[in-house]
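What follows is the residue order along each chain.
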Amino acid sequence: MSSIYFEPNSNLSVTGQGRRVAATTAPESPLAPLATPGLILGMILLGLGVVCLLRLGDWAGNYGPILVVLAYLLYMAAAVRLALWGAVTVWSLHRR
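Residues numbered from 1 in each chain as written. Predicted model: local features only at pLDDT ≥ 70, side-chain atom pairs only at ≥ 80, totals over all residues. Heavy atoms only, no water.

Student: So what exactly am I meant to see when it comes to the pattern of salt bridges here?
Tutor: Opposite charge on two side chains lets them pair, provided their charged atoms get close. In total, this model carries one salt bridge according to the counting rule given. When the shortest N-O distance is used, the salt bridge between R55 and D58 registers 3.7 Å. (Salt bridge = Lys/Arg side-chain N within 4 Å of Asp/Glu carboxyl O.)

So, in structure tokens, the structure goes:
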């Protein structure tokens, strides 16, 4: 069973505290050196996702609209997450 811990006399919500901890520990992560290549790869993947919008109608006609839209949304979500992780980590590394 999980429990929730509330820090007394804190103005931050539980999510705000988790984000604060995650933002301060990002530079010490062993994956931090991969942030710049991750940011670049994420931006390339986002660009390719935007270019693929031109072919989305053809693919939906051939393979079905639900499958194509679901695959496209999953692809774009992964690309956005990679780009955001890279941007936040690079920003926190250069902020110090």
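Student: Explain helix α2 (residues 35-51) here, please?
Tutor: Quick reminder: α-helices carry 3.6 residues per turn. Residues three or four places apart thus point the same way. An ideal rise of 1.5 Å per residue puts 24 Å on 17 residues; α2 measures up with 24 Å between its terminal C-alpha atoms. Along its buried surface, α2 packs onto α4 (65-95). (Helix = DSSP H or I, 4+ residues; strand = E, 2+ residues; numbered from the N terminus. Expected span 1.5 Å × (residues − 1). Contact = heavy atoms within 4.5 Å.)

Student: Can you walk me through the environment of G86 in this structure?
Tutor: Mapped onto the elements of the fold, G86 is located in helix α4. For G86 and L34, which are 52 residues apart along the polypeptide, the C-alpha to C-alpha distance reads 7.8 Å.

Student: Even after reading the chapter, I still don't get α4, so can you show me in this structure?
Tutor: With 31 residues, α4 extends 44 Å from end C-alpha to end C-alpha; this agrees with the ideal 45 Å at 1.5 Å per step. Listing the buried residues of α4 in full gives V68, Y72, M76, A79, A83, G86, T89, V90 and S92. (Buried < 20%, exposed > 50% of the residue type's maximum accessible area, 1.4 Å probe, protein only.)

Student: So what exactly am I meant to see when it comes to the nonpolar core here?
Tutor: As a rule of thumb, soluble globular proteins bury nonpolar side chains together. Grouped together as the largest cluster of nonpolar side chains are seven residues: L46, L56, V68, Y72, M76, A79 and A83. With five residues, α4 is the largest single contributor of residues to this core. Apart from residues lying up to four places away in sequence, M76 is in contact with L46 and G49. (Core = buried A, V, L, I, M, F, W, Y, C linked by side-chain atoms within 4.5 Å.)

Student: Help me understand a nonpolar patch on the surface in this model?
Tutor: Taken together, the side chains of I40, I44, L48 and Y75 present a nonpolar region at the surface, about 360 Å² in accessible area. In terms of residues, the nonpolar patch owes the most to one element, α2, which gives three residues. As for its placement among the helices and strands, Y75 is situated in helix α4. (Patch = residues over 30% accessible without salt bridge, like charges linked within 9 Å, V, L, I, M, F, W, Y side chains within 5 Å. Areas by Shrake-Rupley, 256 points an atom, 1.4 Å probe, with all protein chains shown as cover.)

Student: Any chance you could explain the packing of helix α3 (residues 56-63) against α4 here in plain terms?
Tutor: Across the interface, α3 lies against α4 with an axial gap of 7 Å and an inter-helix angle of 135°. As judged from the angle between their axes, α3 and α4 are oblique. Listed contacts from α4 to L56, W59, A60 and Y63 of α3 are P65, L67, V68 and Y72. Of the residues contributing to the contact of α3 with α4, the split by class is eight nonpolar, no polar and no charged. (Axes fitted to C-alpha atoms, helices over the stretch in contact; angles between N-to-C directions. Parallel < 35°, antiparallel > 145°, perpendicular 65-115°, else oblique. Nonpolar A, V, L, I, M, F, W, Y, C, P; charged D, E, K, R; others polar.)

Student: Is there a simple way to explain the side chain of S92 in this structure?
Tutor: Here S92 shows up in helix α4. Here T89 takes part through its backbone oxygen, which lies 2.9 Å from a polar atom of the side chain of S92. (Polar contact = N/O pair within 3.5 Å; in protein donor to acceptor, adjacent residues only side chain to side chain.)

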